[in-house]
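# Descriptive analysis of the structure
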Amino acid sequence: MTKNERKITTMSTNCPAAPADKKEYLTDIGQILVREYGTKMYYKTEEVEKAHKKSKWYEGLDFSCWGMSTFSSHEDFDRHHEATGEDCDYAEMKSEMLNGLSISDGYQIFENMEIDASWLDFGEVFGLAADGLGQFVAGIFDGI
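An account of the accompanying structure is given in this report. This is a predicted model, so every value here is computed, not measured. (Residues numbered from 1 in each chain as written. Predicted model: local features only at pLDDT ≥ 70, side-chain atom pairs only at ≥ 80, totals over all residues. Heavy atoms only, no water.)

## Focus on the overall build of the chain
Helix and strand content of the chain: 7 helices and 0 strands. Residue burial in the chain is summarised as follows: out of 144 residues, 48% are buried. If you take every contact in the chain between residues at least 6 apart in sequence, the share linking residues at least 24 apart comes to 60%. (Helix = DSSP H or I, 4+ residues; strand = E, 2+ residues; numbered from the N terminus. Buried < 20%, exposed > 50% of the residue type's maximum accessible area, 1.4 Å probe, protein only. Contact = heavy atoms within 4.5 Å.)

## Some thoughts on the side chain of S73
Along the polypeptide, S73 turns up in the loop between α3 (65-71) and α4 (74-84). In this structure S73 comes out as buried when scored by relative accessible area, which is 15%. Leave out the neighbours within four places in its chain, and S73 touches Y42, Y43 and Y90.

## What to know about α4
Along α4, the positions that sit buried rather than exposed are F77, H80 and H81. For α4, the buried positions fall inside an angular range of 90 degrees around the axis, keeping them on one side. Projecting away from the buried face of α4 at angles above 90 degrees are the exposed residues E75, E82 and A83. Buried positions along α4 lie against α2 (45-54), α3 and α5 (90-99). (Arc of directions from axis to C-beta.)

## Side note on the packing of aromatic side chains
A complete count under the given rule lists 4 aromatic pairs for this structure. Ring centres of Y43 and F71 lie 6.4 Å apart, and the angle between their planes is 75 degrees; this geometry places the pair in the edge-to-face category. Placement of Y43 in the loop between α1 (22-37) and α2 and of F71 in helix α3 is noted, with a sequence separation of 28 residues between them. A residue is classified by how much of its surface remains accessible, and Y43, at 1% relative accessible area, is buried. Among the residues examined, F71 registers a relative accessible area of 0% and is labelled buried. Taking the centre distance of 5.3 Å and the plane angle of 65 degrees together, the rings of F77 and Y90 count as edge-to-face. One end of the pair, F77, is in helix α4; the other, Y90, is in helix α5, and 13 residues separate them in sequence. The exposure class of Y90 is buried, given its relative accessible area of 1%. (Phe/Tyr/Trp six-rings, centres within 6.5 Å; stacked < 30°, edge-to-face > 60°.)

## Re α5
By the criterion of burial, α5 is predominantly enclosed, with 7 of the 10 residues buried. The opening residue of α5, the one whose side-chain oxygen lies 3.1 Å from the backbone nitrogen of A91, is D89. (Polar contact = N/O pair within 3.5 Å; in protein donor to acceptor, adjacent residues only side chain to side chain.)

## Notes on the packing of α1 against α5
The contact between α1 and α5 brings their axes to 8 Å, and the two run at 105 degrees. The angle between the axes of α1 and α5 places the two elements in the roughly perpendicular class. Contacts between α1 and α5 involve K22, Y25 and L26 from the first element and E96, M97 and L98 from the second. A breakdown of the residues in the contact of α1 with α5 according to their chemical character gives 4 nonpolar, no polar and 2 charged. (Axes fitted to C-alpha atoms, helices over the stretch in contact; angles between N-to-C directions. Parallel < 35°, antiparallel > 145°, perpendicular 65-115°, else oblique. Nonpolar A, V, L, I, M, F, W, Y, C, P; charged D, E, K, R; others polar.)

Purely spatial values, then, with no claim about function.
The following block contains the structure:
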């Protein structure tokens with residue numbers, strides 16, 4: 001499996017499967033978002049979709065809703081999915097994506113974090129080096 005191929009997920013949605021390398025995907029999308037739109041607490045779903053299409057991950061398949069679960073607000077995510085008719089669960093998807101950033105097995109990051117927290121809050125919640133989340137946020141800014 002190449003790094004851009006996606007694994008099959010067991011999530012009960014009709015959204016496409018999550019990217020296999022969640023950290024690399026979110027770092028790539030995050031760098032594009034910050035470069036194109038500046039640093040924001042939350043990005044519009046349209047901005048995340050455009051960033052996905054500009055990324056190395058876009059090969060004609062749109063699985064940008066996985067990026068939306070991390071970089072967009074819960075309200076915007078739900079509004080987007082209501083408009084598109086997709087049945088995707090923000091909390092499940094965000095949890096899966098952020099747990100993919102964890103460097104330790106089995107640690108559930110949302111035991112310590114509000115599900116609707118901004119991606120910019122990740123480092124603060126965990127202390128800037130914990131479980132790779134602070135490194136993830138720092139990595140986005142390093143690539144700009």
